[in-house]
Structures are given as C-alpha cells and as structure tokens.
Amino acid sequence: MIVPRPAAAATAGLVSTDFVGAAARNRRATWGLIGIMIAIGALLGYLLGAFVESGNGAPNFNPFASATGFGFAIFMIVVSGIWTLIVLRFGDRIVLGLSGAREVSAEEAPVLHNVVEEMAIAAGVPKPRVAIMDTDALNAFAAGMSPDHVAIAVTRGLLASLNREELQAVVGHEMGHLLNLDVRYGTAVGVYVGLIALLADAILRVASWGGGRSSRSSNGKGGGAQVLLGILLVIAAILAPIAARLVQMAISRQREFLADATSARLTRNPLALISALEKLGASTVPMANANRATQHLFIVNPFRDFSAKASALMATHPPLAERIERLRNLR
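1. A look at the overall build of the chain
1) Next: For the chain, the count of helices and strands is ten helices and four strands.
2) Next: Of the regular secondary structure in the chain, the N- to C-terminal order runs α-α-β-α-β-β-β-α-α-α-α-α-α-α.
3) Next: When the 331 residues of the chain are sorted by exposure, 51% land in the buried category.
4) Next: Taking as baseline every contact in the chain between residues at least 6 positions apart, the subset at least 24 positions apart corresponds to 73%.

Here is the structure:
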C-alpha cells in the first residue's frame, strides 16, 4: 500500500526538479566513462607493448612508434570492448556478487518484494529483481545497466530495523537512481574501477619482472629507451587506478539529493525517508563485506563516513545531516 500524501507544501517543489535532465546527463556520462576507461586501457597496453619490444633488442627501436605497443593497445581496446558488453549485460550480477548479495524470491521476502513492486508501479518501470545482503548493517543499493537488468538489494539489518513506510522510502530512493540513470553510471564505474586496479597491478608485476631481466641484457640506446619506458609504465600503472578512483569519487554527489527528492515524489512522504536516514546514521554496525569499488552505489557510505568532511572532493556521499536538512526544507 502506498503511504498517504502529506501536506502539499512539502512536495510541491519536487515538480521543478530536473529528473529528465539528470537522466540525460547520466546517459552521456556513462558512455564518456566507458570511453575514458578504454583509453586508459589502450595507453597501458601501448606502454607495456613498447616496454616488451625494447627489452627484445629491436633494431632502430622508436618508443613513440612501437609496433608491439600498437598491437598491445589494439588488444586492450578489443578486450575493453568485450568487457563493456559484459558490463552492459551482467553489470548488475557482477555488483551483486562483489557486495555479497543474493537474489531472494517473493516467498523468502514477501514484504520486500511487495514494497519493490509498489515503488516500481509508482515509478512506471518494470519491477527490479530483489536481493538481500546477510549482514546486520543498515544499507541498500541498486545496480544494473538497463531497466530489464536491474536489482535492488537491502541488508537484513535494514529489513529488521525499518518500518514499512521507511522501507518504502529507501526503496523509493533506489528507484530514483534507476529513473535518473544514476544506477547505470554507478554500476559501470564500480565494475571498471575494479578492472583498472587489477590491470595496473598486473602491469606493475610484469614491469618489475621485465625490468630485472632487461637490466642484464640491455645496453646503450635500447637500454636507455627501456628504462624510460619502464619508468613511464610504472607511473601510468600507479596513476591509472588513482584516475579511476577519482572518476568514482567525482560522480556528482547531487545524485543522492536527487534520489532523495525522487523518493519523496514517489512516496509523497519525505518524513519517512528522514526517519530512515536517521536510523541508518545512528547504526553502529559495520558492514564487513563493504567493497571500495562499489561504495558509491549504497544509500549511505558503507564505511560509515557520515560527517561534514565527507563532502570533500574524494567523498562518495554528501553528509547525512545535509541530506536530511534538504528533505526537511522541501517545499
């Protein structure tokens, strides 16, 4: 049952919120992100290929026109393209796996399924799949790349602590991410950040092994070129995951305010979301299986950073107090 509408003054201002514009921006941002990550992969591939070629003593080696480097770059572009297709099709399942969430049937969680269905009807979208994280921590997230491949996951602690209206508000918040296409961008970021980190780590290991081997066999101009490439490769491998991390942190924190407003619009009950956020903020139960790659997807930071300093550049969420204050001032 959808909760009753509160006073009109509390929700009238939601009409002016640019939900369509937000969705368009997130659509563009998703493809921009994919392009950036493919470019990072191609750069790392080129540097690695050039490094390998220089270690083989190739005559007239040019570090800026390495055939092996271009070959590795093309290979990385192809791999990134395949990975993009995997993300588009299975991004939600990947994130569920990273977060330790498992899908549940309506028989296992009838209230949760009913609330998700209610909010999907209110939002005018297909009902997402439903998952639960087996932890007493209070949190929730949505993940997926298209309306047909989206899941909403909540913790058992959340189900046990919130009443029905508060649960509706939290699910409405996650539905807001779906409507505004935050979930698509956030899912892509979560999956790519992890991939870039793994790739950079592998390249550092290769560079370390190759550097030791080449130091015994290279000399002269070729040896100097390989040293230069090795330095560039190590720098790039160190900076790549940092750049990916910055992309993750630079996701506009306005998305949380917008999702909060969307929840208030869908439920017509901003006070329920205020109450839910207060409970989430007051909870002291840590989320043991929290993952840095997916922390930006959760309704509150799973690493429990709710203070004002969380609004700094590297934060994934705005402070809870500010979110609650904005909800109180909706008009």
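Alright, that's what it looks like, and here's the rest.
2. Digging into the environment of L228
1) Next: With respect to the helices and strands, L228 occurs in helix α7 (residues 220–249).
2) Next: Judged by relative accessible area, which is 40%, L228 ranks as partly exposed.

3. Details of the sheet that holds strand β3 (residues 140–146)
1) Next: Overall, mixed pairing links the four strands, which are arranged β1-β2-β4-β3 in an open sheet. At either end of the open sheet lies a strand with only one pairing partner, and these are β1 (101–103) and β3. Neighbour to neighbour, the strand axes of the sheet diverge by 25° on average, direction disregarded.
2) Next: Bridge count between β1 and strand β2 (residues 129–133): three bridges; the pairing is antiparallel. The residue bridging A101 from the neighbouring strand is M133, located in β2.
3) Next: Taken strand by strand, helix α3 (residues 110–123) contacts β2 and β4 (149–155), and its axis lies near 135° from that of β2.

4. Things to note about a nonpolar patch on the surface
1) Next: Nonpolar side chains collect at one region of the surface, where L204, V227, I231, V234, I235, I238, L239, I242 and L246 lie side by side and expose about 720 Å² of accessible area between them.
2) Next: Ranked by the residues each element gives to the nonpolar patch, the list is headed by α7, at eight residues.
3) Next: Within the element layout of this structure, V234 appears in helix α7.

5. Let's talk about the environment of G186
1) Next: Structurally, G186 can be placed in helix α6 (residues 182–217).
2) Next: By relative accessible area, G186 is classed as buried at 4%.
3) Next: For the pair G186 and L297, spaced 111 residues apart in sequence, the C-alpha separation works out to 6.1 Å.
4) Next: What G186 contacts, discounting residues up to four positions off in sequence, is H296 and L297.

6. Focus on the packing of helix α9 (residues 270–282) against helix α10 (residues 320–328)
1) Next: At a minimum axis separation of 9 Å, α9 and α10 run at an interaxial angle of 165°. Taken together, the axes of α9 and α10 lie roughly antiparallel to each other. In this structure, the crossing between α9 and α10 has a hand that is left-handed. Each of P270, L273, I274, L277, E278 and G281 in α9 lies in contact with α10, whose residues at this interface are L320, R323, I324, L327 and R328.
2) Next: Of the residues assigned to the contact of α9 with α10, the class counts are seven nonpolar, one polar and three charged.

7. Observations regarding the packing of helix α5 (residues 164–179) against α9
1) Next: Contact geometry for α5 and α9: axes closest at 8 Å, N-to-C directions at 90°. Compared by their axis directions, α5 and α9 come out roughly perpendicular. Contacts from E165, E166, A169 and V170 of α5 reach α9 at A272, L273, S275, A276 and K279.
2) Next: Of the residues assigned to the contact of α5 with α9, the class counts are five nonpolar, one polar and three charged.

8. A closer look at the environment of D201
1) Next: Turning to its location among the elements, D201 is positioned in helix α6.
2) Next: What makes D201 partly exposed here is its relative accessible area of 36%.

Thresholds, definitions, all that
Residues numbered from 1 in each chain as written. Predicted model: local features only at pLDDT ≥ 70, side-chain atom pairs only at ≥ 80, totals over all residues. Heavy atoms only, no water. Helix = DSSP H or I, 4+ residues; strand = E, 2+ residues; numbered from the N terminus. Buried < 20%, exposed > 50% of the residue type's maximum accessible area, 1.4 Å probe, protein only. Contact = heavy atoms within 4.5 Å. Pairing = 2+ DSSP bridges. Axes fitted to C-alpha atoms, helices over the stretch in contact; angles between N-to-C directions. Patch = residues over 30% accessible without salt bridge, like charges linked within 9 Å, V, L, I, M, F, W, Y side chains within 5 Å. Areas by Shrake-Rupley, 256 points an atom, 1.4 Å probe, with all protein chains shown as cover. Salt bridge = Lys/Arg side-chain N within 4 Å of Asp/Glu carboxyl O. Parallel < 35°, antiparallel > 145°, perpendicular 65-115°, else oblique. Left-handed = near helix turned anticlockwise from the far one by under 90°. Nonpolar A, V, L, I, M, F, W, Y, C, P; charged D, E, K, R; others polar.

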